[in-house]
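In case you want the letters, here they are:
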Amino acid sequence: MAKVKSLEDLKKLKTQLENNLNLREKSDNPDGYVQVKVAMATCGIAAGARDVMNRFIEKANEEKVDLIVTQTGCMGYCYAEPTAEVKLPGKDPIVFGYLNPQKVDEIIDKYIKNGELIEGIIPVNYQTIDKDNI
Amino acid sequence: MAQYKMHLLVCGGTGCRASESTKLVENLQTVLRTNGLDNEVQVVTTGCFGFCEKGPIVKVMPDNTFYVEVKPKDAEEIINEHAIKGRKVSRLLYVDPKKEEAVSDSKHMGFYQKQIRIALRNCGFINPENIDEYIARDGYAALGKALTEYSPEQTIDVIKKSGLRGRGGAGFPTGLKWEFASKYKDNEKYVVCNADEGDPGAFMDRSILEGDPHSILEAMIICGYCIGARNGLIYIRAEYPLAIQRLKIAINQAREYGLLGENILGSSLSFDIEIRYGAGAFVCGEETALIHSMEGERGEPTVKPPFPAEAGYLGKPTNVNNVETYASVPVIILKGADWFSSIGTEKSKGTKVFALAGKINNVGLIEVPMGTTLREVIFEIGGGIKNGKAFKAVQTGGPSGGCLTEKHLDIPIDFENLVASGSMMGSGGMIVMDEDDCMVSVAKFYLEFTVEESCGKCAPCRVGNKRMQEILDQLTKGNGTSEMIDQLYNLGSVIKDTALCGLGQTSPNPVLSTLQNFHNEYVAHVEGRCPAGQCRAFIQFLIIAKKCTGCTACTRVCPTGAITGERKQPHTIDQLACIKCGVCQRKCKFNAIEVM
């Protein structure tokens, strides 16, 4: 094991290592980050949701965009799988359908980075009940 | 390098390991491997989450799902449902006892909402056996900052300004202690960590050592830099095998990285740490006794002065601090004295870790800002009293502290307020008692502990506590007289004034505080009653003839054969033969047996 000989060494080491804990740090404070939920029920997995999820994570790393990527159960849009819900901080979540890895790149480049809306948005046809507000 | 998409944090503290969390980790890893997910999901063994009541705990990141009471056999379901399909396993979620609904993530748990975790910042977040995870969370950065930006004097100033006070019991200002130790010139000095946690019901130091050992090492190195010491010693009781094991791993890793040893981080500072084992004597938590024990002498306290800062281990200047105190140091250096002193009350800054135990719903470890009220701690974070019973008292500060009652619930907890109400902070154990607890018996319990643990050096503690214990014993056996209550007052105040060490001086506190707050109960015992119905001398088990169906269930369990009666006829208890064990009452399905 290489010795840490100076404060610079320590800082370098930290930068290398913090990526491993990034996921935990971010999810400790989820409201400040872009949250992506990929539907990973049987229909989603069959339609390629795993590739979509992997691409979200890869692309976010390449572009240095901070994302929290989680998986969720079936959202009910089985006709449009793979689907993912993207929530920018302080905004309402938007669901994108018919995803593939290229589409993921587009979402990150256009919607997440610049807030531009792109094709493939599924109109929201439900309301989520927030238990805290009843 | 694998990019994990999901982290499963599994508690590896002593409590959860006792409930097979080690086996759970193995099972999770096996299931992940068979599903080919071992490169996507990382299983991390962490330190204590504090929610020991419901262990073993599994926390799923990134969605903060908080699974409780997870058994090794649940591994498959968690992976198949949650990791593969994204569906939470609802039967393992924590159920809020007040709202009776499952809480999906830890952010919505009342247990965590009021907490600020400084000393426990890494517990339940990082793998304590991996220095890399500690470094990734700014570990050893405080050491780097102190070495490069501050002189030793300036570092001490930061600690002084932060208002950090010793978390071991007495609350002496830490910065001042460091300053004293730094003033005595000697080429051999020592930094000692007091990990001899002896209060019954306290386990915060153990959890910090198990969950975040590097924070203690880092703070000790910083202290070494401040006072000019090259040697660190951790005095830990041999009853903490897991903490010892993790400390050893941490020390070895720090040495490999050169964070312990010669010329740390390229500076002129050299520092190394050794572990010393204690045999688990309560008195060895007192700093002079601790030092004697490390020297190989009997663990007995000596009169201060000289303080250890002047003549401590081997007669050399020594600084002794408690585990929790050290755990706060790196954060203070990194975030600054002002940040720390903005938390807490006027004279007690920062946060305090409390170990909740006794008749409380959420037994566990919590960290709250100083100034939080007992009510918030017990009823909001602690979830209230078990089985819907009424709150009676809370013992803070272990055998050195006192019992606080209903009327103290709204005082903000800090060092001064607790002393003013007749208790003390102590190391932060909180034992909650309900209406079924007899306060005389509680006082007797603590005194028995003190008598057993007294080192015997000074007469007030050795003889005085023994006499008090005998009196309490007579009271609970129904042989009490009203003079005995006066004697307790007398003995208590004399011991308080004359015992040699801090532990002896505070040992009558449980008796004195219960005398003050529950005087009626003592009087009742003299009169031949135990209001809580706990002291066997005063109670009788009686069978209510109307309710008894003559099922004979009680006769079969009675260990002394004291219950007689014909089948299908009401039974009776022979009071002379009855040893009042209460087994019959627990066995009776018809509530026909009552305590009188």
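Residues numbered from 1 in each chain as written. Chains lettered and ligands numbered in written order. Predicted model: local features only at pLDDT ≥ 70, side-chain atom pairs only at ≥ 80, totals over all residues.

Asker: Tell me about the overall build of chain A, and name the residues and values.
Answerer: When helices and strands are tallied, chain A shows four helices and five strands. Starting at the N terminus, the α and β elements of chain A follow one another as α-β-α-α-β-β-β-α-β. By principal-axis analysis of the C-alpha atoms, chain A measures approximately 60 × 40 × 30 Å. Counting across all 134 residues of chain A, residues that qualify as buried make up 30%. Residue pairs in contact within chain A that sit at least 24 positions apart in sequence constitute 64% of those at least 6 positions apart. (Helix = DSSP H or I, 4+ residues; strand = E, 2+ residues; numbered from the N terminus. Buried ≥ 20, exposed ≤ 12 C-beta atoms within 10 Å, placed from the backbone. Contact = placed C-beta atoms within 7 Å.)

Asker: Give a description of the environment of valine 41 of chain B that names residues and reports values.
Answerer: Residue and element names in this part refer to chain B. Among the structural elements, valine 41 can be located in strand β2 (residues 41-46). With 23 C-beta atoms packed within 10 Å, valine 41 lands in the buried category. Each C-alpha atom of the pair valine 41 and lysine 386 lies 37 Å from the other, and the pair is 345 residues apart in sequence. When neighbours within four sequence positions are excluded, valine 41 is seen to be in contact with Tyr4, Lys5, Met6, Leu8, Leu32 and Ala83.

Asker: Residue-level account of the pairing of strand β3 (residues 84-87) of chain A, with values.
Answerer: Residue and element names in this part refer to chain A. Alternating positions in β3 separate cleanly, Ala84 and Val86 being buried on one face and Glu85 and Lys87 remaining unburied on the opposite face. Two elements, strand β1 (residues 34-39) and β3, share four bridges in a ladder whose sense is antiparallel. The residue bridging lysine 37 from the neighbouring strand is glutamate 85, located in β3. With three bridges joining them, β3 and strand β4 (residues 94-96) adopt antiparallel strand pairing. (Pairing = 2+ DSSP bridges.)

Asker: Please give an account of the sheet that holds strand β7 (residues 190-195) of chain B that cites residues and values.
Answerer: Strand pairing in a sheet is mediated by backbone hydrogen bonds. Such pairs are either parallel or antiparallel. Residues and elements named next belong to chain B. What the four strands build is an open sheet, ordered β9-β8-β7-β10; its pairing is parallel. Taken across any chain shown, the strands that pair with only one partner, and hence form the sheet edges, are β9 (272-278) and β10 (318-322). Taking each pair of neighbouring strands and ignoring which way they run, the sheet shows an average axis angle of 20 degrees. With five bridges joining them, β7 and β10 adopt parallel strand pairing. (Axes fitted to C-alpha atoms, helices over the stretch in contact; angles between N-to-C directions.)

Asker: Talk me through the sheet that holds β2 of chain B; I want residue IDs and the actual numbers.
Answerer: Residue and element names in this part refer to chain B. Judged by pairing direction, the sheet is mixed, and its four strands sit side by side in the order β2-β1-β3-β4 without closing on themselves. What marks the edges here is a single partner per strand, and that holds for β2 and β4 (65-67). Within this sheet the neighbouring strands show an average axis-to-axis angle of 20 degrees, counted without direction. The pairing of strand β1 (residues 6-11) with β2 spans six bridges and is classified as parallel. Pairing of cysteine 11 across the sheet is with threonine 46, part of β2.

Asker: Give a description of the interface of chain A and chain B that names residues and reports values.
Answerer: Chain A puts 28 residues into the contact, and the matching count from chain B is 27 residues. Going through the elements one at a time, α1 (7-28), α3 (49-63) and β2 (67-72) of chain A are the ones with two or more residues in the side of chain A that touches chain B. With 12 residues, the top contributor of residues to the side of chain A that touches chain B is α1 of chain A. Of the residues assigned to the side of chain A that touches chain B, the class counts are 14 nonpolar, eight polar and six charged. (Nonpolar A, V, L, I, M, F, W, Y, C, P; charged D, E, K, R; others polar.)

Asker: Run through unusual backbone geometry, naming residues and quoting values.
Answerer: Residue and element names in this part refer to chain B. Here the bond from glycine 55 into proline 56 is cis, since omega is -10 degrees, no more than 30 degrees from zero. Position of proline 56 relative to the elements: it lies in the loop between β2 and β3 (58-61). In this structure, asparagine 64 takes a positive phi of about 60 degrees despite not being glycine. In this fold, asparagine 64 is placed in the loop between β3 and β4. Phi angles above zero are rare outside glycine, and aspartate 138 is one such case at about 65 degrees. Structurally, the position occupied by aspartate 138 is in the loop between α5 (131-136) and α6 (141-149).

Asker: For the packing of helix α7 (residues 152-162) of chain B against helix α10 (residues 213-227) of chain B, give the residues involved together with the corresponding values.
Answerer: Residues and elements named next belong to chain B. Where α7 contacts α10, the axes come no closer than 8 Å and their chain directions differ by 125 degrees. In terms of orientation, α7 lies oblique with respect to α10. In the packing of α7 onto α10, the handedness of the crossing is left-handed. In contact with Pro152, Thr155 and Ile156 of α7, α10 contributes Ile222, Tyr225 and Cys226. Classifying every residue of the contact of α7 with α10 by side-chain character gives five nonpolar, one polar and no charged. (Parallel < 35°, antiparallel > 145°, perpendicular 65-115°, else oblique. Left-handed = near helix turned anticlockwise from the far one by under 90°.)

Asker: Tell me about the packing of helix α8 (residues 174-183) of chain B against α10 of chain B, and name the residues and values.
Answerer: Residues and elements named next belong to chain B. Running from N to C, α8 and α10 cross one another at 50 degrees; their axes reach a closest spacing of 8 Å. In this view, α8 runs oblique relative to α10, as classed from their interaxial angle. Contacts between α8 and α10 involve Trp178, Ala181 and Ser182 from the first element and Cys223, Cys226 and Ile227 from the second. By residue class, the composition of the contact of α8 with α10 is five nonpolar, one polar and no charged.

Asker: How would you explain the nonpolar core if you had to name every residue and give the values?
Answerer: Residues and elements named next belong to chain B. Core analysis: the biggest nonpolar cluster contains 180 residues, and Leu8, Met220 and Ile222 have the highest contact counts within it. The biggest single contributor to this core is α10, with 10 residues. In contact with isoleucine 222, not counting residues within four places along its chain, are Ala142, Leu143, Ala146, Thr155, Val329 and Ile333. (Core = buried A, V, L, I, M, F, W, Y, C linked by C-beta atoms within 7 Å.)

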